[in-house]
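# Fold and geometry: a report
If you want the building blocks of each chain, they are given just below.
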Amino acid sequence: MTYWLEHAWLDPVVEPGVAVEVADDGRISAVRTGVEAPPPGAVVLRGFTVPGLANAHSHAFHRALRSTVQVGSGTFWTWREIMYQVASRLTPDSYHALARAVYAEMALAGITAVGEFHYLHHAPDGTPYDDPNAMGEALIAAAAEAGIRITLLDTAYLSSGFGAAPDRHQLRFSDGTAEAWAERCSALKEREHARIGAAVHSVRAVPARELGTVAAWAEARRAPLHVHLSEQTAENEGCLDAYGMTPTQLLAEHGVLGTRTTGVHNTHLTDGDIALIGSTATGTCMCPTTERDLADGIGPAVALQRAGSPLSLGSDSHAVIDLLEEARAMELDERLRTRRRGHWTAAALLRAATADGHAALGWPEAGRIEPGAPADLATIALDSVRTAGAVPRLAAETAVFAATASDVRDVVVGGRAVVRDGVHALVPDVPSALSTAIAALRT
């Protein structure tokens, strides 16, 4: 199959008239530039085509909280109580239905791979299902049915805080020990569209003595390892009280940091923390729409990247699902903080949303339009009310600083059209699927 891209981002430049040939295995076999007209039989993608976007941090069930948590005021900790209520109602079947709809919404937004930070493992009272990985398998199946790739980041969550037993809301999250967690998630199998990684929920939720077990499991499999890191100042204070060091220092001491590790948020860091993260090439996943929604704060993304930490992006709690907005927000938040413009180029922000995001999820071959890469593409309209009028050579700037998820017209995953002219090919009525799945959790 051949796709003809009217304009394409071949990092770091925009090229007009690009023909992408796809082999039977769904990978790109050839990329030809300067092709002024579509070759015979080619599928035409009008607009600006970028590699498929990578959503490096997702909690699919949080999508059910949208709008509900915007009533009244509060903090992250009051928001968490509402989140627990939704988490308590999910079953493998209802989670599959919700995740299928959420992942379809992601596909409509140009996302072709998601990192699902998954900790809803057991029944609400903590009893394992007959298949101990029933909830994880539901997510893997949901991604397949929505047509996107998934890295299931199976998450260790063992404590309500620095060694205390899980509370009643958290019983379904816990395997009891890191060894039991490792035994359960070792049964998960990778598939063509699915890879398995690990996660430490946070230094609050995994006692120091258990961190090494999780890190060793990921290291033995060369798998990605993610961790919520210093999202809240209360976490830092609790860690200092419990261990006499910052969360970053604790993770470094127990072998968690490294090139396959990504710290999610990395918001409230000391200069020493930034140096540790950078010197170990530990990644940083910024989630600006969630961080501002939960009033977390603005993380030191510029300093982290300068120190050596690769940046990726995630929609996290899905207040919105729009990776273009995440990229834009990272730059605009930094402008507000510093009162200066231009911390990242549009190309650098697209790189965080594509190649570096895929690398953080254990898909280092993806996120670029070149031979050998998976044929994962997202095409953004250049003729919408938001994008019309810009010159094509500035299509990257248009996409990052003006376009939204609503401007995504076509999405290809593994050479197969998943979204065509704004319509999902596998989940034909995504709004209805979302409405039905979310309404089922309110009864």
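Here the structure is shown first, and the text comes after it.
All of the points below concern the structure found in this document. All figures in this text were calculated on a predicted structure; none of them were measured in a lab. (Residues numbered from 1 in each chain as written. Predicted model: local features only at pLDDT ≥ 70, side-chain atom pairs only at ≥ 80, totals over all residues. Heavy atoms only, no water.)

### Regarding the nonpolar core
Applied cut-off: For this analysis, a nonpolar core means a set of buried residues of the types Ala, Val, Leu, Ile, Met, Phe, Trp, Tyr and Cys, connected via side-chain atoms within 4.5 Å. Whether a residue is buried, partly exposed or exposed follows from its accessible area with a 1.4 Å probe, protein chains only, as a fraction of its type maximum: under 20%, in between, or over 50%, in that order. Numbering of helices and strands runs from the N terminus; a helix is a DSSP stretch of H or I covering at least four residues, while a strand is a stretch of E covering at least two. Contacts: residue pairs with any heavy atoms within 4.5 Å of one another.
In terms of nonpolar packing, the biggest core is built from 125 residues, with Phe48, Phe61, Leu98, Tyr103 and Leu120 touching the most fellow members. Counting residues per element, this core draws most heavily on helix α2 (residues 92–108), at nine residues. Residues contacting leucine 98, with those up to four places away along its chain left out, are Ala60, Phe61, Ala64, Leu90, Ala437, Ile438 and Leu441. Tyr3, Leu10, Val20 and Val412 belong to the second largest nonpolar core, which has 13 residues in total.

### Re the layout of surface pockets
Here is the rule: A 1.4 Å probe that fits into a set of points on a 1 Å grid over the protein atoms alone but cannot get out defines a cavity; an open set with protein on both sides within 12 Å along at least five of seven lines defines a pocket, and lining residues are those with an atom within 4 Å of a point. Grid points are joined across faces, edges and corners, and a volume is the space filled by probe spheres set on the points. In this count, Pro and Cys sit with the nonpolar residues alongside Ala, Val, Leu, Ile, Met, Phe, Trp and Tyr, while Asp, Glu, Lys and Arg are called charged and the others, Gly among them, polar.
Space inside the largest pocket adds up to approximately 380 Å³. Forming the walls of the largest pocket are 25 residues, and the residues nearest its centre are Arg222, Ala223, Pro224, Leu361 and Gly362. Going through the elements one at a time, β8 (194–200), α5 (208–221), β10 (261–265), β11 (283–286) and α13 (355–360) are the ones with two or more residues in the lining of the largest pocket. The element contributing the most residues to the lining of the largest pocket is α13, with three residues. Residue classes in the lining of the largest pocket are distributed as eleven nonpolar, eight polar and six charged.

### So, the sheet that holds strand β9 (residues 225–229)
Applicable threshold: DSSP bridges decide pairing: two strands pair if at least two such bridges lie between them. Helix axes use the C-alpha atoms of the stretch in contact, all axes being lines fitted to C-alpha atoms, and the angles between their N-to-C directions lie in the range 0 to 180 degrees.
On the basis of which strands lie adjacent, the open sheet formed by eight strands has the order β5-β6-β7-β8-β9-β10-β11-β12 and parallel pairing. Looking at strand neighbours, the two that pair on one side only are β5 (53–58) and β12 (311–313), the edges of this open sheet. Averaged over neighbouring strand pairs, the angle between their axes works out to 25° when direction is ignored. α5 rests against β7 (149–156), β8 and β9 of the sheet, and its axis sits at about 160° to β8.

### Re the pattern of salt bridges
This is how the line gets drawn: Salt bridge criterion: a side-chain nitrogen from Lys or Arg within 4 Å of a carboxyl oxygen from Asp or Glu.
Counted according to the given criterion, the structure contains 21 salt bridges. A salt bridge links glutamate 365 to arginine 195; its shortest N-O distance comes to 2.8 Å. Of this pair, glutamate 365 sits in the loop between α13 and β13 (377–380) while arginine 195 is found in strand β8, placing the two residues 170 residues apart along the sequence. A relative accessible area of 22% means that arginine 195 is categorised as partly exposed. For the salt bridge of aspartate 407 with arginine 386, the shortest nitrogen-to-oxygen distance reads 2.8 Å. Here the residue aspartate 407 occupies a position in the loop between α14 (395–401) and β14 (408–413), and arginine 386 occupies one in the loop between β13 and α14, the gap between them amounting to 21 residues.

### Examining empty space enclosed by the protein
Within the structure shown, the criterion is met by one cavity of 30 Å³ or more. Forming the walls of the largest cavity are 19 residues, and the residues nearest its centre are Phe76, Trp79, His201, His228 and Glu231. With five residues, the top contributor of residues to the lining of the largest cavity is helix α1 (residues 76–87). Tallied by class, the residues present in the lining of the largest cavity amount to eight nonpolar, six polar and five charged.

### A few points about unusual backbone geometry
In this structure, the amide linkage connecting aspartate 11 to the following residue, proline 12, adopts the cis form with an omega of 15°. In the Ramachandran plot, aspartate 316 falls in the positive-phi region, its phi being about 55° despite a non-glycine side chain. Position of aspartate 316 relative to the elements: it lies in the loop between β12 and α11 (323–338). A relative accessible area of 4% means that aspartate 316 is categorised as buried. Notably, arginine 339 is not glycine yet its phi reads approximately 60°, a positive angle. In this fold, arginine 339 is placed in the loop between α11 and α12 (346–353). Looking at arginine 339, the relative accessible area reads 78%, which means it is exposed.

### Some thoughts on the sheet that holds strand β16 (residues 423–424)
Ordered by their spatial adjacency, eight strands build an open sheet running β3-β2-β1-β4-β13-β14-β15-β16, and the pairing between neighbours is mixed. Edge positions in the open sheet fall to β3 (28–32) and β16, since each of these has one partner strand only. Inspection of the sheet shows β13 paired to β14 by four bridges, in the antiparallel sense. Its bridge partner lying in β14, leucine 377 is registered against valine 412.

### A short note on the packing of α2 against helix α3 (residues 134–146)
Test applied: By definition, any crossing whose near helix is turned counterclockwise from its far helix by less than a right angle is left-handed, and any crossing with a clockwise turn is right-handed.
Running from N to C, α2 and α3 cross one another at 35°; their axes reach a closest spacing of 8 Å. Crossing hand, α2 versus α3: right-handed. Note on element contacts: α3 touches α2 through Ala134, Met135, Ala138, Leu139, Ala141, Ala142, Ala143, Glu145 and Ala146, opposite Pro92, Tyr95, His96, Ala99, Arg100, Tyr103, Ala104 and Ala107. Among the residues making up the contact of α2 with α3, the classes are represented as 14 nonpolar, one polar and two charged.

### Some words on the environment of threonine 75
Heads up, the condition is: Counted as a polar contact is a pair of N or O atoms within 3.5 Å, where, for protein atoms, one must be capable of donating a hydrogen and the other of accepting one, and residues adjacent in sequence contribute only when both atoms are in side chains.
On the secondary structure map, threonine 75 appears in the loop between β5 and α1. Sequence spacing of threonine 75 and valine 13 is 62 residues, and the spatial spacing of their C-alpha atoms is 42 Å. Within the local environment of threonine 75, its side chain forms a polar contact with the backbone nitrogen of tryptophan 77, the two atoms lying 3.1 Å apart.

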